[in-house]
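Okay, here's what each chain looks like letter by letter:
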There are 4 protein chains.
Amino acid sequence: MIIVLKPEATAENRDFVVDRLKSLGFQTHISEGEERTIIGAIGDERQLRDRPLSSLPGVEKVVPILKPYKLVSKDFKKTNSEISINGIKIGGKHTTVMAGPCSVENREMLFEIVDKIYDAGARVLRGGAFKPRTSPYSFQGLGEEGLKYLREAADSKGMLVVTELMDPRDIDLICKYADIIQIGARNMQNFRLLKEVGKSGHPVLLKRGMSATIKEFLMAAEYIASEGNLDIILCERGIRTFETETRNTLDLSAIPVIKNASHLPVVVDPSHGTGRRDCILPMAQAAIAAGADGLIIEVHPNPAEAMSDGDQSITPDEFATLMKRIKIISATLERHLEE
Amino acid sequence: MIIVLKPEATAENRDFVVDRLKSLGFQTHISEGEERTIIGAIGDERQLRDRPLSSLPGVEKVVPILKPYKLVSKDFKKTNSEISINGIKIGGKHTTVMAGPCSVENREMLFEIVDKIYDAGARVLRGGAFKPRTSPYSFQGLGEEGLKYLREAADSKGMLVVTELMDPRDIDLICKYADIIQIGARNMQNFRLLKEVGKSGHPVLLKRGMSATIKEFLMAAEYIASEGNLDIILCERGIRTFETETRNTLDLSAIPVIKNASHLPVVVDPSHGTGRRDCILPMAQAAIAAGADGLIIEVHPNPAEAMSDGDQSITPDEFATLMKRIKIISATLERHLEE
Amino acid sequence: MIIVLKPEATAENRDFVVDRLKSLGFQTHISEGEERTIIGAIGDERQLRDRPLSSLPGVEKVVPILKPYKLVSKDFKKTNSEISINGIKIGGKHTTVMAGPCSVENREMLFEIVDKIYDAGARVLRGGAFKPRTSPYSFQGLGEEGLKYLREAADSKGMLVVTELMDPRDIDLICKYADIIQIGARNMQNFRLLKEVGKSGHPVLLKRGMSATIKEFLMAAEYIASEGNLDIILCERGIRTFETETRNTLDLSAIPVIKNASHLPVVVDPSHGTGRRDCILPMAQAAIAAGADGLIIEVHPNPAEAMSDGDQSITPDEFATLMKRIKIISATLERHLEE
Amino acid sequence: MIIVLKPEATAENRDFVVDRLKSLGFQTHISEGEERTIIGAIGDERQLRDRPLSSLPGVEKVVPILKPYKLVSKDFKKTNSEISINGIKIGGKHTTVMAGPCSVENREMLFEIVDKIYDAGARVLRGGAFKPRTSPYSFQGLGEEGLKYLREAADSKGMLVVTELMDPRDIDLICKYADIIQIGARNMQNFRLLKEVGKSGHPVLLKRGMSATIKEFLMAAEYIASEGNLDIILCERGIRTFETETRNTLDLSAIPVIKNASHLPVVVDPSHGTGRRDCILPMAQAAIAAGADGLIIEVHPNPAEAMSDGDQSITPDEFATLMKRIKIISATLERHLEE
């Protein structure tokens, strides 16, 4: 950590900062420049994060040198992680596609979708049983019944289930039925929930918060990892910007940036990321071309009748077309569709 | 709700939309313009929010006419709400100031602060007992012990206690010690938590999410209200923008906008809203001048030693200066400091 | 255009709005809903854009129905435009790549780059002669000398030249040397400049402003088109968001959104769009996979020595690798590299 | 400037960076930490801004220590600047209010407004003669005729004139009629225009760009200052965020942040900053309470008839009310209305 002093800082100010750092167990290193004095703090700077150094007298700014996360970083592990769940792999050279309806509406519909998406190449079934809706007056999901249907439908094809955990009280229930626990964008910084899924040891799909920086996204993953669980799949799902033509702005450059900083696999959700049916196919293609390890896509047999998110779901036929394109683009990048 | 058809939409497309609306219980109204046909849906449009109308064939866009919230709107109640808790009032002509440390560090410190902030005019004591930190390696709060200290310290002066609820499992604990339950910015759309505090009937301080629009903010309040609890205080605490000089961008124009749309009181948090000690006094003044019903401010006897948020806390003396200014500006606007 | 009245609006308020609309030459259409009265204005709503209807007494909001742009829209021309300049095509089924140094530093360097990028498949040479720098203390470009070098180097291979116009006083100079006039992101709403390039009739590469919505981007194109010049190539180059890991957030979903709304070709600039060398290859691939008509890329023989933008330039060898990938992805989407 | 090396950087990488810095005239200072090696570059770091150091092999990141601006900073001049034009002062202890119509529509209207705003306390007349409109189909202003009216109307009361320069070709014309040249938000980084107004020596009102950081805003001012003109008034006018209830988000915390970093006066434009009539009074009050040196406000005798920006203009009567409040709040802060 570097502490930059104000031009008018006194020798007393400087010594006070140095003493403070020493009392916290750091070595210091002073460099008097032409316009500023800077003090380097040598030691584990993560210990200093919460110390209010920037409000000490004479301090102009505090510049961290290290990344705030550790276990999820490439410093900690140089090779890309590959997560294997019941023989299905995520990361490495595999392109893994998760698909399914926004919310589980009934048993028949789910089996119908599973038949089609499995044939097209999806290996993970997604679906919501508890639906947190922006409006208190909307359909809120089938609850445990929905979870059962997801499990049965996935088992009929040997697929995995991913579904969202929203309440720490539901963790046992979700772990009973799902192979991968989804932490939604709105809960990315729900630290209690992160700790619980960390302790559970269950694989986690962590969605990026709508206004989370990549650094904060990786810090949320670090929360899970710090409890001993490194089976984390990151999911880019769009960030909030001033643009209103799309529901969110899908930040595909997050893929190379994260790949550079972390060993964790990254998948992309073009359904929530754009909120527009006409953007899903091109953005799914683009995500894979940008180096994503997979996709998570909303598929509904009849989007116009969907009880939620119909405007951003595609049909099983459209999904099959998308998968053909994904297969070719993956091959171009020396990856292959996980089967 | 208005449905705008594409220029190339057929009569069949139009009739399909009309039939769909009728089957959902709406009357329709067709207007053929020079460049577009538009269909008006007459009925309670909140029922249509989740229907995927915009993906029906021939539809260009769907334009909602009504606000998505109801109970918290000025349509529902024309006069500004005034919430009274143990004789202390928030809203109406009262300027109510909440103050205290970011996190409760120990009993002595809390009593020391309470003495000083009460004298300066604060009537609500704030403080965190459970601290959700961005880093898993930081101080996480004193827990129930911290809640007890808050209660005792507040009682010594007849002040109210506001503290944050982060986990639905803690609701009874928080209600036992606090007069006002704070829902933090990160949980503004944690709908499970909103339902719980709605059912509890306890007064709520709802903070605006970092990337929440004012409409979403009011929808979150509607969630609480829809459970029968209208004792809601809204809190503007800064939104995330591209500017990095301040931790967030304090959106003071939210005050007149909310006052125009809702009857609920609005307070402002310049500590989290700016993240800079040197901005707290001017932005507190500005908030009151913009029409806020109060403030919530972090005060620490020795910010340089604070275990969290020291860089955005002010000293009791600085707080006293701030309160003098607030008193005069309130009077200019025909308000008075709640005492 | 739809005018929504407040619930408390009187019959007088309503009639005043109706009279105002009639006096402006519009027919009106009144619909009394359960909670609101709405007035439809039938006629060319572009005439109403600047009328302060929303501040008339009793008006709650004004909702435009039509898009504000016309000539550049798909309503005006249903098929995608293909622009042909000296036999080189942009748009349609062609993938056209523009490449070159950020700024022209000297003649030799330019000929060296041109040799290599032409062989790799670039057909348009980019380069800056006038460099508007954020800092007044930076290298400002070679001026006309730079333009001459660009022309000569491009001519040696039959390539086109694209370079930026920043000052209306330079338009003749730029037109003398360049085949395509670039309007930079900072000038996207410099309406004087837009008019000048519109009148010039010269093909234009219009870059999206850093904080411009897609609607505003298309309105800027409309400015040029309204002067009779439809040879416009749109360029997505990243928007400003809260994320700081990349210089801008490259908004690739703008590609399908624009393709849906406009007939103009769209190219992508991953160099400025990310500001990071390690993001250029993946984001170039992603842009083509998302449906872009081409790319514009900064290439420098020795980025570490570049006089500007070295941190976002790639080497001629890296460019050749990129072009191989682009060729395959284009083919997957039934496009071909323009040669 | 601090150069942080990657953990895997070799001694060769380190020496290469050091040699590069030395060849550029810098002294270096190496500190080997536990996890990273950092190199300090001692010398005028503004020289290094454009050097692509971060793309050198083994470099992880480059951290600037100094602010990129100099002449406009508090380091350069510790006391707040006070600009005096024909006896009217801006900055220091003066609260100076600029008011007038968005665009000059005719002579009578202007004289009518001037009478009223002068009586209310405005001392600078604002008004647009050239109107750059987002739509090419809108009213574009009266041109030189408008400038003449502005001058005459202002002279009738001894007021100053501020009006916008948009085209470098108009600079002599604008200087002939106006006392203060306005640089609009869209031109904040039009570096050619900045140079021209810098050379002119005329006082400048520089508006913050819609997506400009405070640092970029001050850099734009530095551009003007670097030509020898320090008569610069900064104007906060709202930034673009995701919030759509207001046209822009007025960033009042920019006031204390700028006051901390620069000696230049800062005024606020609540008309463009919010785009809503109902927000102008509260946000004007808030701006002064936050420490602004003045305001610039759109006033129109009949906003509902205005040819531009009617929705964000207030009437002369509303302006008079606003001025009364401003006077009291100024006094609270030991300032006084400039008369």
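Residues numbered from 1 in each chain as written. Chains lettered and ligands numbered in written order. Predicted model: local features only at pLDDT ≥ 70, side-chain atom pairs only at ≥ 80, totals over all residues. Heavy atoms only, no water.

Looking at an unreviewed UniProt entry, chain A carries the name Phospho-2-dehydro-3-deoxyheptonate aldolase, with the source organism given as Flexistipes sinusarabici.

A. Broad picture of the sheet that holds strand β2 (residues 27-32) of chain D. Residues and elements named next belong to chain D. Reading across the sheet, the four strands line up as β2-β3-β1-β4 and stay open at both edges, with antiparallel pairing between neighbours. The outermost strands of the open sheet, each flanked by one partner alone, are β2 and β4 (59-63). Strand-to-strand twist in this sheet, taken as the mean axis angle between neighbours without regard to direction, amounts to 20 degrees. Sheet analysis places strand β1 (residues 2-5) next to strand β3 (residues 37-42), joined by three bridges and oriented antiparallel. By the bridge assignment, Val4 is partnered in β3 with Ile38. (Pairing = 2+ DSSP bridges. Helix = DSSP H or I, 4+ residues; strand = E, 2+ residues; numbered from the N terminus. Axes fitted to C-alpha atoms, helices over the stretch in contact; angles between N-to-C directions.)

B. Region of interest: the packing of helix α5 (residues 191-200) of chain A against helix α6 (residues 214-225) of chain A. Residue and element names in this part refer to chain A. α6 packs onto α5 with a crossing angle of 45 degrees between their chain directions and a minimal axis gap of 7 Å. In this view, α5 runs oblique relative to α6, as classed from their interaxial angle. For the pair formed by α5 and α6, the contact residues are Phe191, Leu194, Lys195, Val197 and Gly198 on the first element and Ala220, Tyr223 and Ile224 on the second. Class assignment for the residues of the contact of α5 with α6 results in six nonpolar, one polar and one charged. (Parallel < 35°, antiparallel > 145°, perpendicular 65-115°, else oblique. Contact = heavy atoms within 4.5 Å. Nonpolar A, V, L, I, M, F, W, Y, C, P; charged D, E, K, R; others polar.)

C. Here's a closer look at the domain arrangement of chain A. Taken domain by domain, chain A comprises domain 1 (2-63) and domain 2 (82-337). A C-alpha centroid distance of 44 Å is found between domain 1 of chain A and domain 2 of chain A. (Domains from an automatic or database assignment.)

D. Quick peek at the environment of Gly92(B). Residue and element names in this part refer to chain B. Within the secondary structure layout, Gly92 lies in the loop between β6 (88-91) and β7 (94-100). Note on Gly92: relative accessible area 27%, which makes it partly exposed. The residues contacting Gly92, other than those within four sequence positions of it, are Ser81, Glu82, Asp293 and Arg335. (Buried < 20%, exposed > 50% of the residue type's maximum accessible area, 1.4 Å probe, protein only.)

E. Looking closely at the interface of chain C and chain B. Taken together, the contact pairs 26 residues of chain C with 27 residues of chain B. Both sides of the chain C and chain B interface together cover about 2200 Å² of buried area, and 60% of this is carbon and sulfur. When the area that chain C buries against chain B is broken down by residue, the three leading residues are Glu35(C), Ile65(C) and Phe242(C), summing to 22%. Counting every contact that joins chain C to chain B gives four salt bridges. Residue Glu60(C) is joined to Lys67(B) by a salt bridge in which the shortest nitrogen-to-oxygen separation is 3.9 Å. Linking chain C with chain B are four residue pairs in polar contact (both at pLDDT 80 or more). Of all the elements in the fold, those that place two or more residues in the side of chain C that touches chain B are β1 (2-5), β2 (27-32), β3 (37-42) and β4 (59-63) of chain C. (Buried area = accessible area lost by both parts, 1.4 Å probe. Salt bridge = Lys/Arg side-chain N within 4 Å of Asp/Glu carboxyl O. Polar contact = N/O pair within 3.5 Å; in protein donor to acceptor, adjacent residues only side chain to side chain.)

F. Representation of the interface of chain B and chain A within the structure. Taken together, the contact between chain B and chain A spans 48 residues of the former and 48 residues of the latter. When chain B packs against chain A, close to 4400 Å² is buried across both sides, 46% of that on carbon and sulfur atoms. Counting the contacts that link chain B with chain A gives eight salt bridges. Where Glu216(B) meets Arg240(A), a salt bridge forms, and the shortest distance between an N and an O atom there is 2.6 Å. Along the contact surface separating chain B from chain A lie 13 residue pairs in polar contact (both at pLDDT 80 or more).

G. Fine view of the environment of His263(D). Residue and element names in this part refer to chain D. Locating His263 in the fold gives a position in the loop between α7 (254-261) and β13 (266-268). Measuring from C-alpha to C-alpha, the distance between His263 and Gly141 comes to 35 Å, with 122 residues separating the pair along the chain. Those residues in contact with His263, other than ones at most four positions away along the chain, are Leu71, Val72, Ser73, Lys74, Phe76, Lys77, Thr79, Asn80, Ser81 and Leu230.

H. View of the sheet that holds β3(C). All names here are of chain C. Strand order in the open sheet made by the four strands is β2-β3-β1-β4, with antiparallel pairing throughout. Strand pairing shows two members of the sheet lacking a second neighbour, β2 and β4, which therefore form its edges. Strand after strand, the sheet turns through a mean of 20 degrees between neighbouring axes, direction not considered. In this structure, β2 lies alongside β3, joined through six bridges in antiparallel fashion. Bridge pairing in β3 links Gln27 to Ile42.

I. Local environment of the environment of Leu264(B). Residues and elements named next belong to chain B. Inspection of the secondary structure assignment puts Leu264 in the loop between α7 (254-261) and β13 (266-268). For the pair Leu264 and Gly92, spaced 172 residues apart in sequence, the C-alpha to C-alpha distance is 9.5 Å. In contact with Leu264, not counting residues within four places along its chain, are Val72, Ala221, Leu230, Ile232, Leu234 and Lys259.

J. A look at the relation of the copies chain B and chain A. Superposition of chain B onto chain A requires a rotation of 180 degrees combined with a translation of 0.0 Å along the rotation axis, giving an RMSD of 0.0 Å. The operation mapping one copy onto its partner corresponds to a two-fold rotation axis. No C-alpha of chain B lies nearer the rotation axis than that of Ser211(B), which sits 2.9 Å from it. Interface overlap between copies: 100% of the residues of chain B at the interface are likewise at the interface in chain A, consistent with a symmetric, same-surface contact. (Least-squares fit on C-alpha atoms with pLDDT ≥ 70 in both.)

K. The arrangement of the pattern of salt bridges in detail. Residues and elements named next belong to chain B. Within this structure, the stated rule accounts for 104 salt bridges over all chains. Here Arg276 and Asp278 are joined by a salt bridge, their closest N and O atoms 2.8 Å apart. Under the relative-accessibility criterion, Arg276 is labelled buried at 18%. The salt bridge partner of Asp293 is Arg335, with a shortest N-O separation of 2.4 Å. In this pair, Asp293 sits in the loop between α9 (277-289) and β14 (294-298) while Arg335 sits in the loop between α10 (316-332) and β15 (336-337), placing the two residues 42 residues apart along the sequence. A relative accessible area of 11% means that Arg335 is categorised as buried.

L. Quick look at the relation of the copies chain C and chain B. If you rotate chain C by 180 degrees and push it 0.0 Å along the axis, it lands on chain B with an RMSD of 0.0 Å. Both copies present the same face, since 100% of the interface residues in chain C are matched by interface residues at the equivalent positions in chain B.

M. Highlighting the pairing of strand β12 (residues 232-236) of chain C. Residue and element names in this part refer to chain C. With respect to burial, β12 is a largely interior element, five of its five residues being buried. Side chains of β12 alternate between two faces, with Ile232, Leu234 and Glu236 and Ile233 and Cys235 buried alike. In terms of strand pairing, strand β11 (residues 204-207) meets β12 through four bridges, oriented parallel. Its bridge partner lying in β12, Leu205 is registered against Ile233. As defined by bridge partners, β12 adjoins strand β13 (residues 266-268) across three bridges and the pair is classed as parallel. Looking at the pairing, Leu234 lines up with Val266 of β13.

N. Representation of the nonpolar core. With 162 residues, the main nonpolar core has Leu206(B), Phe319(B), Leu206(D) and Phe319(D) as its most contacted residues. Contacts of Phe319(D), omitting those with residues within four sequence positions, involve Val97(D), Ala99(D), Ile117(D), Ala120(D), Ala122(D), Ile297(D), Val299(D) and Ile314(D). The next biggest cluster of nonpolar side chains, apart from the first, holds 161 residues, and it includes Ala154(A), Cys279(A), Phe319(A) and Ile181(C). (Core = buried A, V, L, I, M, F, W, Y, C linked by side-chain atoms within 4.5 Å.)

O. Broad picture of the packing of aromatic side chains. All names here are of chain A. Here the structure, examined in full by the defined rule, presents four aromatic pairs over all chains. Ring centres 4.5 Å apart and planes at 25 degrees place the aromatic pair Phe191 and Tyr223 in the stacked group. Here Tyr223 lies in helix α6 and Phe191 lies in helix α5, a separation of 32 residues in the sequence. Summarising the burial analysis for this pair, Phe191 and Tyr223 share the class buried. The lysine or arginine in question, Arg123, covers the ring of Tyr118, its NZ or CZ lying 3.9 Å from the ring centre. (Phe/Tyr/Trp six-rings, centres within 6.5 Å; stacked < 30°, edge-to-face > 60°. Lys NZ or Arg CZ within 6 Å of the ring centre and 35° of its normal.)

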